[in-house]
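# Examining the three-dimensional arrangement
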Amino acid sequence: MASAPQDRPASSLPGERGLLIVMTGASGVGKGTLRERWLAGQDVFYSTSWTTREPRPGEVNGRDYVFVSPAEFLAKAQQGGFLEHAQFVGNHYGTPIEPIEAALDRGQDVVLEIEVEGAMQVKDRMGERAILVFIMPPSLTELRRRLTGRATETPERIEKRLARARDEIQEAHAFRYVIVNDDLDRAVGELLAVQHAERAAQRSAEHWTEQDREARALADTVRSTALSREALQRVVES
Ligand SMILES: Nc1nc2c(ncn2[C@@H]2O[C@H](COP(=O)(O)OP(=O)(O)O)[C@@H](O)[C@H]2O)c(=O)[nH]1
Ligand SMILES: Nc1ncnc2c1ncn2[C@@H]1O[C@H](COP(=O)(O)OP(=O)(O)O)[C@@H](O)[C@H]1O
């Protein structure tokens, strides 16, 4: 298997629009953990969502989320201010659209970290422009361990999030890429390869470098078409 390109993907060339990458997957699967490593040292626009849920200890308004009331959230939704928004276990979450479009226009790659329903809305609205990456747990047992270990949810909410995860995992083939978050470094390498390969895809293959071809080869190993239904079922039943 091709080794993960060690350099950070080149930023966009003048005149190129940035990539819109949507990282999605079950609550507790490790999206935030992966994103911090993946984007470290990169000039990528990471979208800060609006939510009506209460801040957790240590969360900062405007950094982790924009924390708003249901009335404020619904007013923005009615004004068409979200690229997507969804309800998740009793709270609203949404992606403000203006900062996304501004970042893409200046050629910056944009990363959204959102749940599956919102990711499908982005796919419907942006079509092939949206690069959807589904993060899969090695097993539901491990997902439960991570959610419990993180100690951010009540046992009741953990059960609700796990029940939703079972349904979300069944949707994995709706996404372009599926990355299993078992070994963190390997998963980050795959995210970098996907970003690099999708950047290279904006240029004709005859102009690809050896690193572009390496990234493409590694990214192809995590295309959702490479994931069998049986492998998917083993995660849900484990
Ligand atoms: N649709 C949508 N989902 C979001 C957004 N922001 C966060 N989420 C997702 O909402 C779910 C709950 O987020 P949160 O309460 O922070 O829990 P955590 O992600 O499990 O730590 C997670 O799957 C997030 O990825 C958003 O803007 N839109
Ligand atoms: N590959 C991994 N192996 C073991 N634990 C992990 C891994 N990735 C994340 N975790 C842990 O799982 C928990 C949930 O991770 P987090 O990034 O908060 O998930 P999400 O953002 O998808 O809700 C955290 O305690 C994190 O440290």
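We now turn to the structure provided with this report.

Rules of the game
- Residues numbered from 1 in each chain as written.
- Chains lettered and ligands numbered in written order.
- Predicted model: local features only at pLDDT ≥ 70, side-chain atom pairs only at ≥ 80, totals over all residues.
- Heavy atoms only, no water.
- Pairing = 2+ DSSP bridges.
- Helix = DSSP H or I, 4+ residues; strand = E, 2+ residues; numbered from the N terminus.
- Buried < 20%, exposed > 50% of the residue type's maximum accessible area, 1.4 Å probe, protein only.

The next point concerns the sheet that holds strand β5 (residues 82–88). Strand order in the open sheet made by the four strands is β4-β3-β6-β5, with mixed pairing throughout. Taken across any chain shown, the strands that pair with only one partner, and hence form the sheet edges, are β4 (66–67) and β5. One ladder, built from six bridges, connects β5 with strand β6 (residues 91–96); its direction is antiparallel. Paired with Phe88 across the two strands is Asn91, which belongs to β6.

Take the pairing of strand β1 (residues 20–25) next. The element β1 is extensively covered by neighbouring structure, given that six of its six residues are classed as buried. Residues Leu20, Val22 and Thr24 point to one face of β1 and Ile21, Met23 and Gly25 to the other, with burial holding for every one of them. The pairing of β1 with strand β7 (residues 110–114) spans five bridges and is classified as parallel. Among the inter-strand pairings, Thr24 is bridged to a residue of β7, identified as Ile114. Inspection of the sheet shows β1 paired to strand β8 (residues 130–136) by six bridges, in the parallel sense. Bridge pairing in β8 places Ile21 opposite Ile131.

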